[in-house]
Amino acid sequence: MSTNEAATLVEARGLVKEYRRGYRVVDDVSFVIRQGETLGLVGESGSGKSTVARLLLRLGEPTAGEVLYREQNLLSATSRETRGMRRRMQIVFQDPYAALNPRMRVKQILTEPFEIHGERPFKGLASRLKEMLRTVGLDESALERFPHEFSGGQRQRINIARALALRPEFVVLDEPVSALDVSVGAQVVNLLRDLQREYGLTYLFISHSMPLVRYLCDRVAVMQRGRLVELGECEQVCDTPRHEYTRRLIAATPEMPTAV
């Protein structure tokens, strides 16, 4: 089944987020994310991309609008329903250095999601942790080490492993390679694509780089100053953008190598 025929997994309806004196950082944003696809959310810093992502995960409350997950309104869900949905929705943050607790060994970092959701201890946890590391290309010897002992790319792989610990359906990737150098970032992007194929993941990929989005995404949504200015199939938007802002984004970002 193509992503065009797939069921809607996540839907944003008229999302608004206002701050002081009615300033709207997100202004009437609507889109769907289909099961198994990667939707790119693109725009310059301050365009509202990360705020939208946090509203989708209910890490913040919108001023107006709705968020639906499998047709269930996340904003009106009970705490028990929200807890069940949250284990199926995870995020990989932008900064691989800030996202890991420097005082925790990798074993503790990867165990934390199970503890939060009341699934530890359980038989087979040690094997599960080793499997998680192998999945992202790291050796099990990493379990006893601290974050400062790893490179930026390795830390981001640990972040990805933690996000996938509970085997979610939907993962928000909030500029996951912007803090990495180009070649390491390309390796991480290829890893994310391989993981999607292996586990049937659905991604929201946030970026300011149109070439990177073109490589990884099925469709792309372009944000400018809190509003959605263009939305469509990735190839169409990148080859024949309708909005002047999209054209400027494409012109402003160089190609990124994608071979590992």
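Per an unreviewed UniProt entry, the protein is named ATP-binding cassette domain-containing protein, and its organism is Tunturiibacter psychrotolerans. One UniProt comment on the protein, placed under Sequence similarities (unreviewed entry), says "Belongs to the ABC transporter superfamily."

J.: Is there a simple way to think about helix α4 (residues 125-135) in this case?
T.: Think of an α-helix as 3.6 residues a turn; residues three or four steps apart then line up on the same face. Every buried residue of α4 is listed here: L125, R128, L129, M132 and L133. With its buried residues spanning 135 degrees around the axis, α4 presents them on a single face. Close packing links the buried residues of α4 with α3 (106-116) and α5 (152-163). Just beyond α4, the residue with positive phi is G137, at close to 85 degrees.

J.: Help me out: how do you make sense of the sheet that holds strand β2 (residues 24-34) in this one?
T.: The strands making up a sheet associate through backbone hydrogen bonding, with each pair oriented either parallel or antiparallel. The strand order across the open sheet formed by four strands is β2-β1-β4-β5, and the pairing between neighbours is antiparallel. Two strands bound the open sheet, and with one partner strand each, they are β2 and β5 (72-73). Lying on the sheet, helix α1 (residues 49-56) is in contact with β1 (8-18), β2 and β4 (64-69); it crosses β2 at an angle near 60 degrees.

J.: Can you help me understand the sheet that holds strand β6 (residues 89-92) in this one?
T.: Taken in spatial order, the six strands of this open sheet run β6-β7-β8-β3-β9-β10, and their pairing is mixed. Among the strands making up the open sheet, the edge pair consists of β6 and β10 (227-233). Averaged over all neighbouring strand pairs, the angle between strand axes comes to 15 degrees, with direction disregarded. Of the strand pairs in this sheet, β6 and strand β7 (residues 170-174) are connected by four bridges, and their pairing is parallel.

J.: What's the story with the pairing of β4 in this structure? I'm lost.
T.: Regular strands place side chains that alternate from one sheet face to the opposite one. Two elements, β1 and β4, share five bridges in a ladder whose sense is antiparallel. Across the sheet, the residue bridging to E11 is L68, located in β4. As defined by bridge partners, β4 adjoins β5 across two bridges and the pair is classed as antiparallel. Among the inter-strand pairings, Y69 is bridged to a residue of β5, identified as Q72. As consecutive antiparallel partners, β4 and β5 are separated by two residues, and within that stretch R70 has a phi angle of approximately 50 degrees, a positive value.

J.: Help me understand the environment of E81 in this model?
T.: On the secondary structure map, E81 appears in helix α2 (residues 79-86). On the basis of relative accessibility, which here comes to 36%, the residue E81 falls in the partly exposed class. The spacing of E81 and P241 is 160 residues in sequence and 40 Å in space, taken between C-alpha atoms.

J.: Quick question: what am I supposed to make of the nonpolar core here?
T.: Proteins that are soluble and globular tend to have nonpolar side chains buried together. One finds L110, I158, I160 and L195 to be the most contacted residues of the largest nonpolar core, which totals 48 residues. Here this core gets five residues from one element, more than from any other, and that element is helix α6 (residues 182-199). Non-local contacts of L110, meaning those with residues more than four positions away in its chain, are made with L129, M132, L133, L143, I158, A161, R162 and A165.

What counts, and at which threshold
Residues numbered from 1 in each chain as written. Predicted model: local features only at pLDDT ≥ 70, side-chain atom pairs only at ≥ 80, totals over all residues. Heavy atoms only, no water. UniProt positions renumbered as here; feature names shortened; annotations may be inferred. Buried < 20%, exposed > 50% of the residue type's maximum accessible area, 1.4 Å probe, protein only. Helix = DSSP H or I, 4+ residues; strand = E, 2+ residues; numbered from the N terminus. Arc of directions from axis to C-beta. Contact = heavy atoms within 4.5 Å. Pairing = 2+ DSSP bridges. Axes fitted to C-alpha atoms, helices over the stretch in contact; angles between N-to-C directions. Core = buried A, V, L, I, M, F, W, Y, C linked by side-chain atoms within 4.5 Å.

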